[in-house]
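# Chains, contacts and geometry: an overview
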Amino acid sequence: MEDKKEQTFIAIKPDGVQRGLIGEIIKRFEMKGFKLVAMKMVHASKEHLEKHYEDLKGKPFFPTLIKYMSSGPVVAMVWEGEGVVKTGRVMLGETNPANSKPGTIRGDFCINVSKNIIHGSDSVESAKKEIALWFKDEMVKYDSCAFDWLYQAAVPIPTDQ
Ligand code: IDP
Ligand code: MG
């Protein structure tokens, strides 16, 4: 069975914040039906970002990436819902905005791979690691009133029609 409590780490990068796209990005995840369970604005240190991107340490663009990500505040969030890691990546688009379809966040709002406005975890495993790195005891527990309307048949389907 699918995990309705699956979580992903989403971050609006410094260019997304500066370009006034916070509301638009949050709106897309909200309207899809995913549940926001943590959010904060943070100007992350280089050391923190080096940990976040440790898998990319050997890449030629690594120093530029760390400089970009530490150039201003980001909006860090945790979103929850069935298949949120994979669906979140689909909603983001490809790493390179030039390859991202219209209708995706990167496809609609940015042009260049070095300024691609948003981060999203690429697997359930990396989501767990990233959430632990960015949020300590800051996760909020609450029930969403939309849960049954998203996941269950709220009204039984009549059999006599
Ligand atoms: P992802 O963000 O789609 O998961 P990754 O390959 O994990 O893509 O790369 C992390 C980030 O590094 C990208 O979102 C982008 O900001 C930056 N990046 C990736 N490839 C390049 C590149 O070729 N030039 C400059 N920046 C890059
Ligand atoms: Mg990645």
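Scroll up to find the structure this text is about.
What this report covers is the structure whose coordinates are included nearby.

## As for the environment of Asn116
- Tracing the backbone through its elements, the reader meets Asn116 in the loop between helix 6 (105-109) and strand 4 (118-120).
- Classification of Asn116 by relative accessible area gives buried; the value is 3%.
- Considering only alpha carbons, one finds Asn116 and Glu94, 22 residues apart in sequence, at a separation of 9.4 Å.
- Dropping the residues within four chain positions of it, Asn116 is found in contact with Lys13, Asp15, Tyr68, Thr95, Pro97, Arg106 and Cys110.
- Only 2.7 Å separates the side chain of Asn116 from the side chain of Lys13, close enough to count as a polar contact.

## What about the side chain of Ser100?
- By the element assignment, Ser100 lies in the loop between helix 5 (84-92) and helix 6.
- At a separation of 2.9 Å, a polar atom in the side chain of Ser100 contacts the main-chain amide nitrogen of Glu94.
- In terms of polar contacts, Ser100 uses its side chain to reach the backbone carbonyl oxygen of Asn96, at 3.3 Å.
- Beyond its immediate sequence surroundings of up to four residues, Ser100 is in contact with Gly93, Glu94, Arg106 and Gly107.

## Here we look at helix 7 (residues 124-134)
- Taken together, the buried positions of helix 7 are occupied by Ser126, Ala127, Glu130, Ile131, Leu133 and Trp134. All buried residues of helix 7 fall inside an arc of 160° around its axis, so they share one side. Residues Glu125, Lys128 and Lys129 are exposed on helix 7 and point more than 90 degrees away from its buried face.
- Next to the buried residues of helix 7 lie strand 1 (7-12), strand 2 (35-42), helix 3 (46-52), strand 3 (74-80), helix 5 and strand 4.

## Side note on the sheet that holds strand 2
- Spatially, 2-3-1-4 is the arrangement adopted by the four strands of the open sheet, whose pairing is antiparallel. Unpaired on one side and paired on the other, strand 2 and strand 4 mark the two borders of the sheet. Sheet twist, expressed as the mean angle between neighbouring strand axes with direction ignored, is 15°.
- The pairing of strand 1 with strand 3 spans six bridges and is classified as antiparallel. Directly across from Ile10, in strand 3, lies its bridge partner Met77.
- The sheet contacts of helix 2 (residues 22-32) involve strand 1, strand 2, strand 3 and strand 4, and relative to strand 3 the element is tilted by about 5°.
- In the packing of helix 7 onto the sheet, the strands contacted are strand 1, strand 2, strand 3 and strand 4, and the crossing angle to strand 1 comes to about 60°.

## Details of the site of ligand 1
- Near ligand 1 the following residues occur: Lys13, Tyr53, Leu56, Phe61, Leu65, Tyr68, Arg89, Thr95, Arg106, Val113, Ser114 and Asn116.
- For ligand 1, an oxygen atom lies 2.7 Å from a polar atom in the side chain of Arg89.
- Asn116 has a polar side-chain atom sitting 2.8 Å from an oxygen atom of ligand 1.
- For the shell around ligand 1, the class distribution of residues is six nonpolar, three polar and three charged.

Analysis parameters
- Residues numbered from 1 in each chain as written.
- Chains lettered and ligands numbered in written order.
- Predicted model: local features only at pLDDT ≥ 70, side-chain atom pairs only at ≥ 80, totals over all residues.
- Heavy atoms only, no water.
- Helix = DSSP H or I, 4+ residues; strand = E, 2+ residues; numbered from the N terminus.
- Buried < 20%, exposed > 50% of the residue type's maximum accessible area, 1.4 Å probe, protein only.
- Contact = heavy atoms within 4.5 Å.
- Polar contact = N/O pair within 3.5 Å; in protein donor to acceptor, adjacent residues only side chain to side chain.
- Arc of directions from axis to C-beta.
- Pairing = 2+ DSSP bridges.
- Axes fitted to C-alpha atoms, helices over the stretch in contact; angles between N-to-C directions.
- Near = heavy atom within 4 Å.
- Nonpolar A, V, L, I, M, F, W, Y, C, P; charged D, E, K, R; others polar.

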